[in-house]
Amino acid sequence: MKFERITVDPNVCTGKACIRGCRFPVSRLLGLLASGETKETIQRAYPYLEPQDIDEALQYAACLAEEETVEMSR
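So, how was this worked out
Residues numbered from 1 in each chain as written. Predicted model: local features only at pLDDT ≥ 70, side-chain atom pairs only at ≥ 80, totals over all residues. Heavy atoms only, no water. Core = buried A, V, L, I, M, F, W, Y, C linked by side-chain atoms within 4.5 Å. Buried < 20%, exposed > 50% of the residue type's maximum accessible area, 1.4 Å probe, protein only. Helix = DSSP H or I, 4+ residues; strand = E, 2+ residues; numbered from the N terminus. Salt bridge = Lys/Arg side-chain N within 4 Å of Asp/Glu carboxyl O.

By size, the foremost hydrophobic cluster in this structure holds 11 residues: I6, A17, I19, F24, V26, L29, I42, L49, I54, A57 and Y60. Only helix 1 (26-34) and helix 3 (51-67) provide two or more residues apiece to this core. In terms of residue count, the dominant contributor to this core is helix 3 (3 residues).

What follows is the structure, given as structure tokens:
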């Protein structure tokens, strides 16, 4: 899958996946969503983020989860 809003640049946030080249890591956005923040509250706090940024970050996370195998404890 090709991502248009997720960028990786070794000179920005040490090469972590970011939103549109900004210094806003995808992991931060996903962490906010995981902690219960809504898309609306995130956009109010970070007005430069667009709804499509959030949607694509979730798609990016889903793609990573498909590729990764994680050993679960019993």
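The full count for this structure, using the stated rule, is 4 salt bridges. One salt bridge in this structure joins R5 and E50, with 3.0 Å as the shortest N-O distance. Taken as a pair, R5 in the segment before strand 1 (6-7) and E50 in the loop between helix 2 (39-45) and helix 3 lie far apart in primary sequence, 45 residues in all. Owing to a relative accessible area of 19%, R5 belongs among the buried residues under this scheme. What makes E50 partly exposed here is its relative accessible area of 32%. Taking the shortest distance from any N to any O, the salt bridge between K39 and D55 comes out at 2.6 Å. With K39 in helix 2 and D55 in helix 3, the pair connects residues that are 16 residues apart, well separated along the chain. Within the structure, one salt-bridge network assembled from shared partners comprises R5, R20, E50 and D53.

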